[in-house]
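These are the residues of each chain, in order.
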Amino acid sequence: MYTWNELDNFIRSCSRCPLCHSRLQAVTGRGNRQAKLMFVAEAPGANEDKAGIPFVGPAGKVFDRLLADSGLTWDDIYMTNILKCHPPGNRDPLPAEKEQCLPYLRYETVLIHPKIIVCLGRVAAQQIISADFRITRQHGTWTDRMGYSMTAVYHPSALLRDPAKMEETRRDFRHIAERLKQIT
């Protein structure tokens, strides 16, 4: 089993796929490393690539608002991505890139040992919950597997493109907060 320092070093020095050549820096997770609630998104954006921290750009501001609206704080959560490097042009991660980064996500999950995993967006949900997951139909639904309660919500960047989805996402976040209270 790796320690947090070892995992952080592996991620920061990773050269397992070609993204290591185009990134500014690898982006490790952020938040409470003992949290029972873990959020997983698909990949860092350009702002995150510059800062080395997940969810610091415009989508991060939406995420912060959703947390606050549901009564959650960064002390309650841990946030990470499937990919640790920014894909050029914000394209979807390639299957080979996800495959190379999944061991890092697995180690993060083992170290965190969350009770709830929330996927932000379609890409994360299809990787973690089900390959045929449909975010527009299945967001906010729960799956219990391998000791985890899992759900998916719209990615905050989708809410920037389509603000009409904001209210149902707020509702999903409130349900996540309620579920967290039930298990703690």
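Residues numbered from 1 in each chain as written. Predicted model: local features only at pLDDT ≥ 70, side-chain atom pairs only at ≥ 80, totals over all residues. Heavy atoms only, no water.

Quick notes on the packing of aromatic side chains
On inspection of all chains with the given rule, the structure shows eight aromatic pairs. Seen in terms of ring centroids, Trp4 and Tyr78 are 5.7 Å apart; in terms of plane orientation they differ by 50°. Their pairing is tilted. With Trp4 in helix α1 (residues 4-12) and Tyr78 in strand β3 (residues 77-81), this pair connects stretches of sequence that are 74 residues apart. Across this residue pair, the class does not change: Trp4 and Tyr78 are buried. Measuring from ring centre to ring centre gives 5.9 Å for Phe63 and Phe173, while their planes differ by 75°; the resulting arrangement is edge-to-face. You can see Phe63 sitting in helix α4 (residues 58-70) and its partner Phe173 sitting in helix α9 (residues 166-183), a full 110 residues away along the chain. Among the residues examined, Phe63 registers a relative accessible area of 0% and is labelled buried. The buried category is assigned to Phe173, whose relative accessible area is 1%. Joined through ring pairs, the aromatic side chains of Phe39, Phe55, Phe63, Trp74 and Phe173 make up one cluster. When the ring centre of Tyr104 is taken as reference, the NZ or CZ atom of Arg16 above it lies at 5.8 Å. The ring of Tyr154 carries Lys165 above its face, with NZ or CZ at 5.3 Å from the centroid. (Phe/Tyr/Trp six-rings, centres within 6.5 Å; stacked < 30°, edge-to-face > 60°. Helix = DSSP H or I, 4+ residues; strand = E, 2+ residues; numbered from the N terminus. Buried < 20%, exposed > 50% of the residue type's maximum accessible area, 1.4 Å probe, protein only. Lys NZ or Arg CZ within 6 Å of the ring centre and 35° of its normal.)

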